[in-house]
Amino acid sequence: MNKSETEILIIGGGAAGLAAAVSASDKKVLVVDDNPRLGGQIWRAELGKIKSPEARELVEKIEQKQVSILNNATVFGQKDEQTLLAETPKGTVELNFAKLIIATGARERFLPFPNWTLPNIFGAGGLQALVKNGLSVENKRVVIAGTGALLLVVAEYLKFKGAKVLLIAEQTSQVKLAKFGFGLITHPKKIAQAISLKTKLFGVKYLTDCYIKSAEGKGKLEAVNLTRNGKTWRVECDMLACGFHLVPNVELAQMLGCKVENGSVKVDEFQQTSTENIFCAGEPTGIGGVEKSLIEGKIAGFSVTENFEKAKAFFAERLKTQRFADVLNETFALRDELKNLPDAQTIVCRCEDVRFGDLKNYASFREAKLQTRCGMGSCQGRICGAATEFLFNWKNDSVRPPIFPVKLENL
Ligand SMILES: Cc1cc2nc3c(=O)[nH]c(=O)nc-3n(C[C@H](O)[C@H](O)[C@H](O)COP(=O)(O)OP(=O)(O)OC[C@H]3O[C@@H](n4cnc5c(N)ncnc54)[C@H](O)[C@@H]3O)c2cc1C
């Protein structure tokens, strides 16, 4: 088995992990990421041709500082308190560290509605990632539905790539969105981004208080049914990009015994978790967007190397990003009506084909898991866990290694 030793180990090469690596680079740092390229959800597709100034600056600094990078490595387990295990194309690697920063990002939340598993229904960010990697959407009629700022970013990107974006169905209310808009006054950069998006999306309908009721199609998506203020109508389309905001990736932190509260890793002002020598930054501490990830990454990197004064210099900036995150999460909180979308036949756990009707009589995720295998498939409850938390108020807090499926020979 291959072994690697480092003083500071960072899991996740997105905005938070890269910012942490730069701040911690007085010491020996290793960044591990499961993708072939660094950059995380926002930047990984462009890192070859780096367009964004923030990403370029981070990568240049990382190159100057000679931070070690291990790509294509998925951390799935723990050997002992100072050693994690990662699966790579060449087998398992032991990652020995003195201190650890968890920067594992977030994933999209999916909610079940009738026929949501039809081909050509994608996660909104997932479709964007596929297009960034070569999938053509030229002349495809696309409906975008769900909630959150990501819907606009995705719509703009798909339109730029030649898709016919028919409409964006945003479940939150006009009132909440207007309040959010006024709140942006203290964030001039975000106002500029919003204006730019709105200009690029000229001609695309953006309907608030609107959500998907069901999808239709024989063998693949043919149409979606949308509802708004009591009126329901049908829209024929080729693709549906759907996402209901984001869910923090906390499984690694949970496996290592770090305290998780309300779905996010609990950290102190220095981004230290409840477990000694383990820090956490970015989306796992609460969904907040790239600025929050960058600033938390910086603080974690300085704190892990005991540069506490340098870390403190960023506290005020972090507070601003946290306030923005609070408003963001309140604005895009899910409306209760979405709990009524699935019918008895709607699949909730797509790995194990468990339907809504099979689940509704159980009292907890654990009970449902034991009786129906819900959450026991290859995604290990990452999709249905977040859905059932919303639908039934269940908590999926039992995490066991391996946290990702691993080849038997690598275990
Ligand atoms: C699908 C998707 C698309 C998004 N697109 C955009 C966008 O276009 N614009 C925007 O402003 N925001 C976007 N976001 C929001 C985005 O999450 C943040 O704004 C920002 O990327 C967060 O940075 P981060 O470093 O916290 O996490 P991320 O950028 O998600 O980085 C975390 C990294 O850790 C890796 N990782 C996780 N677990 C492991 C493990 N066990 N082993 C090894 N590696 C691991 C992940 O693969 C990822 O590369 C998107 C989010 C999602 C889920």
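Residues numbered from 1 in each chain as written. Predicted model: local features only at pLDDT ≥ 70, side-chain atom pairs only at ≥ 80, totals over all residues. Heavy atoms only, no water.

A. Inspection of the domain arrangement of the chain at higher detail. You can read the domains of the chain as domain 1 (2-107 + 247-328), domain 2 (110-244) and domain 3 (337-410). For domain 1 and domain 3, the distance between their C-alpha centroids amounts to 28 Å. Between domain 1 and domain 3, the buried area comes to about 1,100 Å², and carbon and sulfur atoms account for 61% of it. Inspection of the domain 1/domain 3 interface yields zero salt bridges. (Domains from an automatic or database assignment. Buried area = accessible area lost by both parts, 1.4 Å probe. Salt bridge = Lys/Arg side-chain N within 4 Å of Asp/Glu carboxyl O.)

B. Spotlight on the pairing of strand β1 (residues 2-11). Taken together, the nine bridges between β1 and strand β6 (residues 91-102) define a ladder with parallel strand orientation. Following the sheet pairing, Asn-2 is matched in β6 by Val-93. The pairing of β1 with strand β2 (residues 29-32) spans four bridges and is classified as parallel. Following the sheet pairing, Ile-8 is matched in β2 by Val-29. (Pairing = 2+ DSSP bridges. Helix = DSSP H or I, 4+ residues; strand = E, 2+ residues; numbered from the N terminus.)

C. Region of the structure containing the packing of helix α4 (residues 124-132) against helix α5 (residues 150-160). α5 packs onto α4 with a crossing angle of 30° between their chain directions and a minimal axis gap of 9 Å. Considering the angle they form, α4 stands roughly parallel to α5. For α4 against α5, the interelement crossing comes out left-handed. Touching Ala-124, Gly-125, Leu-127, Gln-128, Val-131 and Lys-132 of α4 are Leu-150, Leu-151, Val-153, Val-154, Tyr-157 and Leu-158, all from α5. Its residues assigned to classes, the contact of α4 with α5 shows nine nonpolar, two polar and one charged. (Axes fitted to C-alpha atoms, helices over the stretch in contact; angles between N-to-C directions. Parallel < 35°, antiparallel > 145°, perpendicular 65-115°, else oblique. Left-handed = near helix turned anticlockwise from the far one by under 90°. Contact = heavy atoms within 4.5 Å. Nonpolar A, V, L, I, M, F, W, Y, C, P; charged D, E, K, R; others polar.)

D. Structural context of the site of the ligand. Close to the ligand lie 32 residues, the nearest being Ala-16, Asp-33, Asp-34, Arg-44 and Ser-293. In the model, an oxygen atom of the ligand is placed 3.3 Å from a nitrogen or oxygen of the Asn-35 side chain. Protein coverage of the free-state accessible area of the ligand, which is 980 Å², stands at 90%. Going through the elements one at a time, α1 (15-23), α2 (40-43), β4 (74-80), β7 (106-108), α4, α5 and α9 (290-304) are the ones with two or more residues in the shell around the ligand. Here the element with the most residues in the shell around the ligand is α2; it accounts for three residues. (Near = heavy atom within 4 Å. Polar contact = N/O pair within 3.5 Å; in protein donor to acceptor, adjacent residues only side chain to side chain. Areas by Shrake-Rupley, 256 points an atom, 1.4 Å probe, with all protein chains shown as cover.)

E. Region of interest: the nonpolar core. Among the nonpolar cores identified, the biggest contains 38 residues, and Phe-113, Ile-212, Val-224, Leu-226, Leu-240 and Leu-338 are the most heavily contacted of them. Per-element accounting of this core gives the leading share, four residues, to strand β12 (residues 210-216). Each of two domains, domain 2 (110-244) and domain 3 (337-410), supplies a minimum of three residues to this core. Contact partners of Phe-113, with chain neighbours within four places excluded, come to Ile-212, Lys-213, Ser-214, Ala-215, Leu-240, Cys-242, Leu-341 and Thr-346. Counting 25 residues, the second-largest nonpolar core is a separate cluster that includes Ala-15, Ile-62, Val-67 and Leu-294. (Core = buried A, V, L, I, M, F, W, Y, C linked by side-chain atoms within 4.5 Å. Buried < 20%, exposed > 50% of the residue type's maximum accessible area, 1.4 Å probe, protein only.)

F. Layout of the environment of Asn-410. Counting through the fold element by element, Asn-410 comes out in the segment after α14 (384-392). With a relative accessible area of 8%, Asn-410 lands in the buried category. Not counting residues up to four positions away in its chain, the partners in contact with Asn-410 are Phe-76, Glu-87, Gly-91 and Thr-92.

G. The pattern of salt bridges, seen in detail. If you walk through the whole model with that rule in mind, you get 20 salt bridges. The shortest N-O distance in the salt bridge between Glu-94 and Lys-3 comes to 3.9 Å. With Glu-94 in strand β6 and Lys-3 in strand β1, this pair connects stretches of sequence that are 91 residues apart. Taking relative accessible area as the criterion, Glu-94 reaches 10% and is therefore assigned buried. In this structure, Arg-335 and Asp-209 form a salt bridge, with 2.9 Å as the shortest nitrogen-oxygen distance. Of the two residues, Arg-335 is situated in the loop between α11 (315-331) and β20 (347-349) and Asp-209 in the loop between β11 (205-207) and β12; the sequence distance between them amounts to 126 residues. You'll find Arg-335 and Asp-209 in the same group, each marked buried. Each of the salt bridges in this network shares a partner with another, and the network as a whole consists of Glu-54, Lys-189, Lys-190 and Glu-291.

H. Expanded view of the packing of aromatic side chains. Inspection of the entire model under this criterion finds eight aromatic pairs. Measuring from ring centre to ring centre gives 5.8 Å for Phe-180 and Phe-332, while their planes differ by 70°; the resulting arrangement is edge-to-face. Remark: Phe-332 occurs in the loop between α11 and β20 and Phe-180 occurs in helix α6 (residues 174-183); sequence separation between them is 152 residues. Each member of the pair Phe-180 and Phe-332 is classed as buried. Put simply, the rings of Phe-356, Phe-365, Phe-392 and Trp-394 touch in pairs and so form one group of aromatic residues. In this structure, Arg-350 is placed above the aromatic ring of Trp-116, and the distance from its NZ or CZ to the ring centre is 5.0 Å. Between the NZ or CZ atom of Arg-382 and the centre of the ring of Phe-404, over which it lies, the distance is 4.1 Å. (Phe/Tyr/Trp six-rings, centres within 6.5 Å; stacked < 30°, edge-to-face > 60°. Lys NZ or Arg CZ within 6 Å of the ring centre and 35° of its normal.)

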